[in-house]
Amino acid sequence: MASVAPSKPRSPQDYRGAERLLAWYDRHARTLPWRTRQGDPPADPYRVWLSEIMLQQTTVVTVGPYFADFLARWPNVAALAAAPLDDVLTAWAGLGYYARARNLHRCAQMVAGELGGVFPDREAELLKLPGIGRYTAAAIAAIAFGQRAVVVDGNVERVVARLFKVETPLPAAKAELHRLADGLTPEQRAGDFAQAMMDLGATVCLPRRPKCLLCPLEADCQAKAAGIAQGLPRRQSKAAKPTRRAVAFWLMAADGALLLRRRPEKGLLGGMMEVPSTPWREAPWPAAEAQAAAPAAAEWRELPGLVRHTFTHFHFEVTVWAARAQSKAIDAGHWVSLDGLADEALPTVMRKIIAHGLTQTAVVGRDD
DNA sequence: CATACGTGGAG
DNA sequence: TCTCCAAGTAT
């Protein structure tokens, strides 16, 4: 149970903490592309939504250029809804968690269609939309619509776990941390408060070396008082990552086009383009077995080296085989000129494989 | 409640 | 090299 839960949800002490945090935020708020400043018109819900989806498990630095590109190409929800899904996937390529891009597009179509182009302003309605979960619904309600909502992301969990010295490891502590965050959240300026908590976590209450001397909440922080701030929140240890292996087939036509194919809509890298390969599995691929999985009969040659990539839950090792295609009459997949690769929805792991194929075939000489 | 789902930067 | 972890969601 709670090691140190406040007896009342909203004590005067908590309220002063919120006040101090907001005062700190007014002085230290970072200027971010999707953030409005004091005195500006209210935040555009489309921009808040777009940024929040992109920021799920993704750093501010990484999101920056993608947010600018999306906003330039699709300045409002109607424009995004009208875009072909493949264009959205291509623009998203490299950001990761590609289900977000598919849900983003579906959500845009729902808002632009049945919702008449207007984002819901209530958490419960936002929660019904694809790609919007508990955190994002609260963040949009608070930041775009000024409603009191309890916004809890990884930063807030860390800040609250330290403030109240919650020693239960995550994820078991999630419900308790949410309750404690609720008790801290003020009625007014809920959007600023949420962003202040997240900024505090991102710049002061850091995971490894918290800068407690700069923290506006230091005097209230029970973990700091106990000298264990750096060790919180505790986390349940994660399982080791297995290694999966595959052989990728670098098939080039006489005109220099490369064979790609689209992955299934669901699952890993769903809907994205890929270099054709054997299935991904732990056991290495004997040559004869890989041969049988090739997209065409050809004189396959193994390129030197190995492509390594780590996903969320496994390591990936890819050997690349290269061959020259006799014709472009191949069912599964489509041919793309090397110049056209930039316009394909290729995730990072596939760009690594392509870069490897490009350099190794150049070193060894085309093929045959 | 557990697991699948990307990528890049920091230490 | 390796582990951690970042403005989480869906199932």
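Every value quoted in this text rests on a predicted model; they were computed, and no experiment measured them. (Residues numbered from 1 in each chain as written. Chains lettered and ligands numbered in written order. Predicted model: local features only at pLDDT ≥ 70, side-chain atom pairs only at ≥ 80, totals over all residues. Heavy atoms only, no water.)

### Some details on empty space enclosed by the protein
Then comes step 1: This model, assessed by the stated rule, comprises 2 cavities of 30 Å³ or more.
Then comes step 2: Approximately 110 Å³ is the volume found for the largest cavity.
Then comes step 3: What lines the largest cavity is a set of 15 residues, among which Arg162, Cys205, Cys212, Cys215 and Cys221 lie closest to the centre.
Then comes step 4: For the lining of the largest cavity, the leading source of residues is helix H9 (residues 154-163), giving 3 residues.
Then comes step 5: Broken down by class, the residue content of the lining of the largest cavity amounts to 11 nonpolar, no polar and 4 charged.
Then comes step 6: Lining the second largest cavity, in full, are Ala149, Val151, Val156, Ala181, Thr185, Phe193, Ala194 and Met197.
Then comes step 7: Residues belonging to the lining of the second largest cavity are distributed by class as follows: 7 nonpolar, 1 polar and no charged. (1 Å grid on protein atoms, 1.4 Å probe; cavity = no way out; pocket = protein on both sides within 12 Å on 5 of 7 lines; lining within 4 Å. Points joined across faces, edges and corners; volume = space filled by probe spheres on them. Helix = DSSP H or I, 4+ residues; strand = E, 2+ residues; numbered from the N terminus. Nonpolar A, V, L, I, M, F, W, Y, C, P; charged D, E, K, R; others polar.)

### Topic: the domain arrangement of chain A
Then comes step 1: Along its sequence, chain A is organised into domain 1 (12-231) and domain 2 (243-364).
Then comes step 2: Measuring from the centre of the C-alpha atoms in domain 1 to the corresponding centre in domain 2 gives 37 Å.
Then comes step 3: In total, about 820 Å² of surface goes out of reach between domain 1 and domain 2, with carbon and sulfur atoms giving 52% of it.
Then comes step 4: Ranking the residues of domain 1 by area buried against domain 2 places Thr90, Tyr98 and Arg102 at the top, with a combined share of 51%.
Then comes step 5: Where domain 1 touches domain 2, the interface holds 1 salt bridge.
Then comes step 6: Among the ionic pairs, arginine 262 bridges to aspartate 86, the shortest N-O distance being 3.1 Å. (Domains from an automatic or database assignment. Buried area = accessible area lost by both parts, 1.4 Å probe. Salt bridge = Lys/Arg side-chain N within 4 Å of Asp/Glu carboxyl O.)

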